[in-house]
Amino acid sequence: MGRLSVIICTYNPVPFIFSKCLSAIAVAAKEYKPCEILIIDNNSVTPLLEQDYIQKFAKENDMVSILSEPKPGLTPARLKGINEASGEILLFIDDDNFIAHNYFTKVIALAAENTHIGAWSGQVKLVFEKKPEDWTRKYWGLLVHREFNKNLWSNLPNLAETMPCGAGLIVRKIVGDYYFQLHKEGKRNIQLDRSGKSLFSGGDNDLAACACDLGMGVGLFHELILEHYIPANRLEKSYLLKLAEGISASGVVFKSFRNEFPEKNSIKKRTANQMRLLLKSKIEKEFFKAVLKGEKEGLSLLKSQRGDADH
């Protein structure tokens, strides 16, 4: 079936949230024990090794290792985990994810039953710090909300309906190693994951899409269930707009990695966008404009990279 390596990348985790994340992992590990749990400390202000509850978790679970990645950003932390992992199956859990008790068991079973799938994830149910306003529901997808009752897969790296998400993302080691090599060879000069105040969010898609590059599929399995904790500030309109912008920008860069580029901003396209705006509500217009702004930022990033390459 293959051994399971669990990778948790974190930076300044909130103790009461991360402790719940670790508790859920400990419960799942009683049902199926991973060969290792790698916690990647991405330069936290208070090192994880100095935090009592994390030390306690490591002492109570002998397969836990706490590693340091000083280079800021989720991408370097993920690469550290991939490079250090020894299992054939890699599972990425965010520090605000609470997995179901049977998550590890299901991951291993799905890996054995679906050898043609190289990257997959499951349902993501949101747990809110405070009750969200009704208007936000339409934008929960930006927060990785995903609930469904049918398994889906494809070998298409740009098909949203089958693309795994970063929360609970599973990849085969061969896929992770390929992704690591792309970075090592300088073929990923733009970080698609979050770093500092950036809300770029495409690194998980790029990692998963590497399965398609290697001739395998990507998929979603409803048997896998985790909860994603959402603090109140992530439901503020200003944050969601910035997130929509970042996702849009990273989407442009992600597609460029596989030689797909947006159509030119022609008069026809600008006219179509203006018509779309007329049909939208006030808040929908704000989000549509954020997406368009993100597209421009993504294109600008690509142009600057090409300029650097020319020199």
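Note that the structure is predicted; figures quoted are calculated from it, not measured.

Analysis parameters
- Residues numbered from 1 in each chain as written.
- Predicted model: local features only at pLDDT ≥ 70, side-chain atom pairs only at ≥ 80, totals over all residues.
- Heavy atoms only, no water.
- Helix = DSSP H or I, 4+ residues; strand = E, 2+ residues; numbered from the N terminus.
- Buried < 20%, exposed > 50% of the residue type's maximum accessible area, 1.4 Å probe, protein only.
- Salt bridge = Lys/Arg side-chain N within 4 Å of Asp/Glu carboxyl O.
- Phe/Tyr/Trp six-rings, centres within 6.5 Å; stacked < 30°, edge-to-face > 60°.
- Lys NZ or Arg CZ within 6 Å of the ring centre and 35° of its normal.
- Expected span 1.5 Å × (residues − 1).
- Arc of directions from axis to C-beta.

Hey, could you go over unusual backbone geometry for me, with residue numbers and the actual values?
In the Ramachandran plot, N43 falls in the positive-phi region, its phi being about 70° despite a non-glycine side chain. Mapping N43 onto the fold places it in the loop between β2 (36-41) and α2 (52-60). Residue classification places N43 among the partly exposed residues on the basis of a relative accessible area of 47%. In this structure, N259 is a non-glycine residue whose phi angle is positive, near 60°. Its place among the elements puts N259 in the loop between α7 (237-256) and α8 (267-278).

Please provide a residue-by-residue account of the pattern of salt bridges, values included.
Counted according to the given criterion, the structure contains 14 salt bridges. With a shortest N-O distance of 2.7 Å, K56 and E60 are connected by a salt bridge. Of this pair, K56 and E60 both sit in helix α2, four residues apart, which is roughly one turn of the helix. Look at K56 and you get partly exposed, because its relative accessible area is 49%. Accessibility expressed as a relative area gives 54% for E60, which makes it exposed. Note that E84 and K80 form a salt bridge whose closest N and O atoms lie 3.8 Å from each other. A residue pair is termed a helical-turn pair when its members lie 3 or 4 positions apart in one helix, as E84 and K80 do in helix α3 (residues 74-84) at four residues. Each of R188, D206, D213 and R258 takes part in salt bridges that share partners, so that together they form one network.

Residue-level account of the packing of aromatic side chains, with values.
Evaluated as defined, the whole model comprises six aromatic pairs. For the pair Y139 and F287, a centre-to-centre distance of 3.8 Å together with 10° between the ring planes defines the contact as stacked. Of this pair, Y139 sits in the loop between β6 (117-128) and β7 (152-154) while F287 sits in helix α9 (residues 282-310); the two residues are 148 residues apart in sequence, bridging distant segments of the chain. According to the relative accessible area criterion, Y139 is buried, its value standing at 9%. For F287, a relative accessible area of 5% corresponds to the buried category. Each residue in the set W135, Y139 and F287 is aromatic and connected to the rest through ring pairs, giving one cluster. Directly above the ring of F92 sits R78, whose terminal nitrogen or CZ lies 6.0 Å from the centroid. Stacked on the ring of F257, the Lys or Arg R188 has its end atom at 4.1 Å from the ring centre.

With reference to specific residues and values, describe helix α1 (residues 15-31).
Taking 1.5 Å as the rise per residue, α1 with 17 residues should run 24 Å; its terminal C-alpha atoms sit 25 Å apart, in good agreement. For α1, the set of buried residues is I17, F18, C21, L22, A24, I25, A28 and A29. Burial along α1 is one-sided: seen end-on, the buried residues are contained in an arc of 155°. Residues of α1 that are exposed and point over 90 degrees away from its buried face: F16 and K30.

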